[in-house]
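Chain by chain, the residues run as shown.
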Amino acid sequence: MAQRCTVPVVRERKVARGGDPLVMLTAYDAPGARMVDQAGADMILVGDSVAMVVLGYDDTLQVTVEDIAHHTAAVARTHPSALVIADMPWMSYHVSTADTVKNAATLIRAGAQAVKLEGGRRRIPMIEALVSAEIPVMGHIGLTPQSMNAMGGYRVQGRDAEAALGLVDAAKALAHAGCFSIVLEGVPAPVATMVTEAVEVSTIGIGAGPDCDGQVLVFHDVLGLEQRIMPKFVRRYADLFDLGVAALTEFAGDVRSGEFPEPAECYRLDDGAADALGLYGAA
Ligand code: KIV
């Protein structure tokens, strides 16, 4: 069994200090978590992307704390070696620090070892409250999908000098408030490099170039289970949707042609039961 990954291990793992890049993947259920863990990922993120890739919503704003807790529990029941991080849904950490701690505690009790939340300086009071309740926090800045309405869509962030420096400043503030790691999403690669050099904690990139301390992708995107048009940072390593449709089509054909089930796929009666039942020729 692989060694368990912990929050302190992730916090310290900086590539510039000689560490191997961190690997994070999303998973939302037990089979997915087992696959990700057996693939050797360091972290499993029960992302609010569950809204789009599993629950069929158009954006991530629809999921609730109960939804994430339900999926986190399924992942945690597999007892992975990877660190389990639960995403805090929109509006679960925006109203008050008390609400934030209560909602995060629900996710920890469901089996998460840390939570992730989106946003910069405005989230500092919430992050500090979580850290003082002993709940480890992963930050998430840049393109933050829960802000899609405020941002006017899913837009790359930090393209001009002022915005780039704003991200560096936000990352420093999050690290100072106690975040053990920071996701950088949808930012130009040189900005991710600047942020990664500016903070002592690990950075995890998605659409943020090669210089982060780790990379994260969504399970369904990596495996080709999604048919939507992918952002350019997604690399697809399999086409499981097409493979799945082909297998299911074969099953449907076998049922319709009578080729499924065959005798080896059927249960037998006890010896003598066929005669007793008057089923001549049956076994
Ligand atoms: O919800 C999610 O999957 C995420 C990652 C893409 C970082 O937040």
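Residues numbered from 1 in each chain as written. Predicted model: local features only at pLDDT ≥ 70, side-chain atom pairs only at ≥ 80, totals over all residues. Heavy atoms only, no water.

So, about the domain arrangement of the protein chain. Along its sequence, the protein chain is organised into domain 1 (7–238) and domain 2 (243–276). For domain 1 and domain 2, the distance between their C-alpha centres works out to 45 Å. (Domains from an automatic or database assignment.)

In this approach, a probe sized like a water molecule rolls over the atoms, and the result shows the empty space that is left. Reported here for the largest pocket is a volume of approximately 850 Å³. Considering the residues around the largest pocket, the lining is formed by 38 residues, among which Leu-143, Glu-185, Ile-206, Pro-231 and Phe-233 are closest to the centre. Secondary-structure elements contributing two or more residues to the lining of the largest pocket are helix H3 (50–53), strand S6 (181–185) and strand S8 (214–217). Class assignment of the residues belonging to the lining of the largest pocket gives a composition of 20 nonpolar, eight polar and 10 charged. Taken as a whole, the second largest pocket holds about 520 Å³ of empty space. (1 Å grid on protein atoms, 1.4 Å probe; cavity = no way out; pocket = protein on both sides within 12 Å on 5 of 7 lines; lining within 4 Å. Points joined across faces, edges and corners; volume = space filled by probe spheres on them. Helix = DSSP H or I, 4+ residues; strand = E, 2+ residues; numbered from the N terminus. Nonpolar A, V, L, I, M, F, W, Y, C, P; charged D, E, K, R; others polar.)

The parallel closed barrel is built from eight strands, whose spatial order is S1-S2-S3-S4-S5-S6-S7-S8. Each strand axis lies, on average, 25 degrees off the axis of its neighbour in the sheet, ignoring direction. Relative to strand S4 (residues 114–116), strand S3 (residues 83–87) is paired through three bridges, and the arrangement is parallel. Counted as the bridge partner of Ile-85 is Ala-114 from S4. (Pairing = 2+ DSSP bridges. Axes fitted to C-alpha atoms, helices over the stretch in contact; angles between N-to-C directions.)

With that settled, the discussion passes to the site of the ligand. Surveying the vicinity of the ligand reveals the residues Thr-26, Leu-45, Gly-47, Asp-48, Ser-49, Asp-87, Lys-116, His-140, Ile-206 and Val-218. One nitrogen or oxygen atom from the side chain of Asp-87 is found 3.1 Å from an oxygen atom belonging to the ligand. Protein contacts shield 94% of the accessible area of the ligand, which totals 260 Å² for the unbound molecule. Judged by its atoms lying within 2 Å of the grid points, the ligand is housed in the largest pocket. The residue inventory of the shell around the ligand, partitioned by class, reads three nonpolar, four polar and three charged. (Near = heavy atom within 4 Å. Polar contact = N/O pair within 3.5 Å; in protein donor to acceptor, adjacent residues only side chain to side chain. Areas by Shrake-Rupley, 256 points an atom, 1.4 Å probe, with all protein chains shown as cover. Sits in = over half its atoms within 2 Å of the grid points.)

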